[in-house]
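# Structure at a glance
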Amino acid sequence: MRRISLTFPRALAALALVGCLTLAGCQGSADGADPALSSTTATSADPGTTSTTGGQQEPTDCSALTIDSDSSALPTVEGEAGTLPTVTWSGEEAPANLTVATLEEGDGTEVAETDLVTVGYAGWQWGSDTTFDSSYETGAQDSQNAQDSASGGTEDGGEDTAPGEAAGQETTEASEEALGQGQPLVLSLQQVIVGWRCGLAGHHVGDRVLMSVPADLAYGQDEASSGGGPTGPLVFVVEVVDTLDPQSVVGSTEDAVMEGEDELAQRGITVEGELGSPVTVSVSTDAPEPTEPEYLVLARGAGQPVSGTSTVVVNIAAAAWSGEEGTGSSTWEDGAPTPVSIATSDLDGLVGVPQGSRVVVLRPGDESLGREAVAFVMDIEAVL
C-alpha cells in the first residue's frame, strides 16, 4: 500500500533527504508519507515545516484549536484493537473541528506534543471504505514509505525497546504483538500533521482513539496543495502503544570512547563539538567525494547495538560536499531528535554500532537525482 509521509525532519529536508535518512524516505513531498505525518502544505505543516512555496510557517498553537471529543458525524468503528478496523459512515459531512473520540481508555503515560510515540493506525479519506494507509496490514516499518505517510511534510520541518522504555532495553513482546501482523510506527509528534500532534497530545499510552482531521490540519483540500497526500478531511483510528520524551535520551554520547579521529582527518572531515553536546560537521575543499556510503565511528558507546530491525533515535548534523552556505542543517538546532527505522532506510551500515555512539556517515552524490555528496554526523541517542 502506498504510504503518505507523516514526518519530514527539517534538518534532513534541507538536504532533500539525502541518503533517505528519515522514515519519510527519499521524497520531498507527501508522496509515500505516512498519514499521520505532516503535509507539505502551509496549512498542515507543524512548527518549522516547509510549505509548498518554500516559506516557513509558524507553529500551530494546539491550545488555540477547538478540539471536540465526539460528533454524531463520526463513523462507527468495528474490529478488535490490534487488528485492521472497518468504518461505517454516518452519511453526514465531516466535523468542522478536529474531533478526537476515545474508543478505549488506557492508563499509561500521558502523551506530550514533543514526544516520540509508538502507534498502530489506519487512515481513510472521509466517506471512503478503503484505507489509504495502515500499519496493521504490512507493518509501518516494513516499507520505506511507512513513515512518509505520517510526515508528508510538517510544520515542524516538514516526520525493539518501546519508546517508553529506557534506552538500551529491547522492545517488549507485548508492543510487537499488540498490533497483529503489522508493526507499530515510531514517530515524532513534532514532525507530523497538526491534526495528529494536537489530537494525540494529552491522551495516554493504551488509548485507542478515533480522529477526524479537517483538511487544513492535514494535507489540504486539493491535490495541488496536498503534495501527493490524501485530500480533504481524514479519519484515523490510532492505538497509542508507547511514548517517550526525546529529551530524556539526548546526550547519550557523553561517555563514549573516541576512536576515529585519525581516519576522519584523513578523509578531510572536521567535526566540532563535545561528546553529548551539539556538533557541526564540515568538509575540506580538497576532500575526495565518497563513491559509496562510508560509516566512520568517531566515538563508540556501550549501549545496545543497532540491529536490522531497530528504530534509532538520532541527532544529526549535515554538510553538503560543496560547502555552500545554507547546505548545512542540524536536528540539534531544531531541538527535535528524530526516529529512523533501519529497515526502511539505507543506513544498514549502523547495524552493530552501540547506542551512545557518534558516527560520521558519508553519502555519495547522484547526478541523476540532482543530489550532491553529503557528510552527516549522527549521535545514536537511543536504540528502540
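Residues numbered from 1 in each chain as written. Predicted model: local features only at pLDDT ≥ 70, side-chain atom pairs only at ≥ 80, totals over all residues. Heavy atoms only, no water.

### Focus: the overall build of the protein chain
Helix and strand content of the protein chain: seven helices and 18 strands. With 384 residues in all, the protein chain has 57% of them scored as buried. Carbon and sulfur atoms form 44% of the exposed surface of the protein chain, whose accessible area is close to 14400 Å². (Helix = DSSP H or I, 4+ residues; strand = E, 2+ residues; numbered from the N terminus. Buried < 20%, exposed > 50% of the residue type's maximum accessible area, 1.4 Å probe, protein only. Areas by Shrake-Rupley, 256 points an atom, 1.4 Å probe, with all protein chains shown as cover.)

### Structural notes on the environment of Pro-288
Inspection of the secondary structure puts Pro-288 in the loop between β12 (280-283) and β13 (294-300). Residues Pro-288 and Trp-321, 33 residues apart in the sequence, show an inter-C-alpha distance of 9.2 Å. Other than its neighbours up to four places away in sequence, Pro-288 contacts Arg-267 and Trp-321. (Contact = heavy atoms within 4.5 Å.)

### Side note on the pairing of strand β17 (residues 358-363)
On a regular strand, one side chain projects to one face of the sheet and the next to the other, so that they alternate. Counting buried positions over the six residues of β17 gives six, a clear majority of the element. Covered by surrounding structure in β17 are Arg-358, Val-360 and Leu-362 together with Val-359, Val-361 and Arg-363, the residues of both alternating faces. When β13 meets β17, the two strands line up antiparallel, connected through five bridges. Bridge assignment links Tyr-295 to a residue of β17, and that residue is Val-361. Across six bridges, β17 lies against strand β18 (residues 374-383) in antiparallel orientation. Following the sheet pairing, Arg-363 is matched in β18 by Val-374. (Pairing = 2+ DSSP bridges.)

### Topic: the pattern of salt bridges
According to the stated counting rule, one finds six salt bridges in the structure shown. The partner of Arg-358 in a salt bridge is Asp-379, with the nearest N and O atoms 2.6 Å apart. A residue pair is termed long-range when its members are at least 10 positions apart, and Arg-358 in strand β17 and Asp-379 in strand β18 qualify at 21 residues. Given a relative accessible area of 1%, Arg-358 falls into the buried group. Look at Asp-379 and you get buried, because its relative accessible area is 1%. (Salt bridge = Lys/Arg side-chain N within 4 Å of Asp/Glu carboxyl O.)

### Thoughts on the nonpolar core
Membership of the largest hydrophobic core comes to 28 residues, with the highest contact counts inside it found for Val-119, Leu-187, Trp-196, Leu-200, Met-211, Phe-236 and Val-238. Contributions of two or more residues to this core are made by β4 (98-104), β5 (116-125), β7 (185-188), α4 (194-200), β8 (208-213) and β9 (234-244). Those residues within four positions of Val-238 in sequence are excluded, and the remaining contacts are Val-119, Gly-120, Tyr-121, Trp-196, Leu-200, Asp-207, Arg-208, Val-209 and Met-211. Judged by nonpolar contacts, the second largest core, of 19 residues, contains Val-340, Phe-376, Ile-380 and Val-383. (Core = buried A, V, L, I, M, F, W, Y, C linked by side-chain atoms within 4.5 Å.)

### Re the environment of Asp-346
Take Asp-346: it is sitting in the loop between β16 (338-341) and β17. Considered as a pair, Asp-346 and Pro-293 are 53 residues apart in the sequence and their alpha carbons are 9.4 Å apart. Within the structure, the side chain of Asp-346 is placed 3.1 Å from the side chain of Arg-363, a separation counted as a polar contact. (Polar contact = N/O pair within 3.5 Å; in protein donor to acceptor, adjacent residues only side chain to side chain.)

### As for the state of the cysteines
By definition, a disulfide is the covalent link that joins the sulfur atoms of two cysteine residues. Scanning the entire structure with this criterion turns up one disulfide. Disulfide pairing places Cys-62 opposite Cys-198 at an S-S distance of 1.9 Å. Disulfide Cys-62-Cys-198: the torsion about the S-S bond is -75°, which places it as left-handed. One exposure class covers both Cys-62 and Cys-198, and it is buried. (Disulfide = S-S within 2.5 Å.)

### Here's the deal with the side chain of Arg-267
With respect to the helices and strands, the residue Arg-267 is situated in the loop between α6 (261-266) and β11 (269-272). A polar contact is formed between the side chain of Arg-267 and the side chain of Glu-294, at a distance of 3.0 Å. In this view, Arg-267 contacts Ala-287, Pro-288, Glu-289, Pro-290, Glu-294, Leu-296, Trp-321 and Leu-362; residues no more than four positions away in its chain are not counted.

### Re the packing of aromatic side chains
One pass over the full model with this rule turns up four aromatic pairs. Taking the centre distance of 5.5 Å and the plane angle of 90° together, the rings of Trp-196 and Phe-236 count as edge-to-face. Of this pair, Trp-196 sits in helix α4 while Phe-236 sits in strand β9; the two residues are 40 residues apart in sequence, bridging distant segments of the chain. Ring pairs connect the aromatic residues Tyr-121, Phe-132, Trp-196 and Phe-236, which therefore count as one cluster. (Phe/Tyr/Trp six-rings, centres within 6.5 Å; stacked < 30°, edge-to-face > 60°.)

### Comments concerning the side chain of Arg-197
The residue Arg-197 is located in helix α4 in this model. Among the polar contacts listed, one links the side chain of Arg-197 to the side chain of Glu-113, at a separation of 2.8 Å.

### Side note on the pairing of β13
With two bridges joining them, strand β10 (residues 257-258) and β13 adopt antiparallel strand pairing. Across the sheet, Met-258 pairs through a bridge with Ala-299, a residue of β13.

### Concerning the confidence of the model for the protein chain
With 71% of its residues at a pLDDT of 70 or more, the protein chain has an overall mean of 78. A low-confidence stretch, residues 139-181 stays under pLDDT 50, and its non-local contacts, those more than four residues away or across chains, total 257 contacts. (pLDDT = per-residue confidence, 0-100.)

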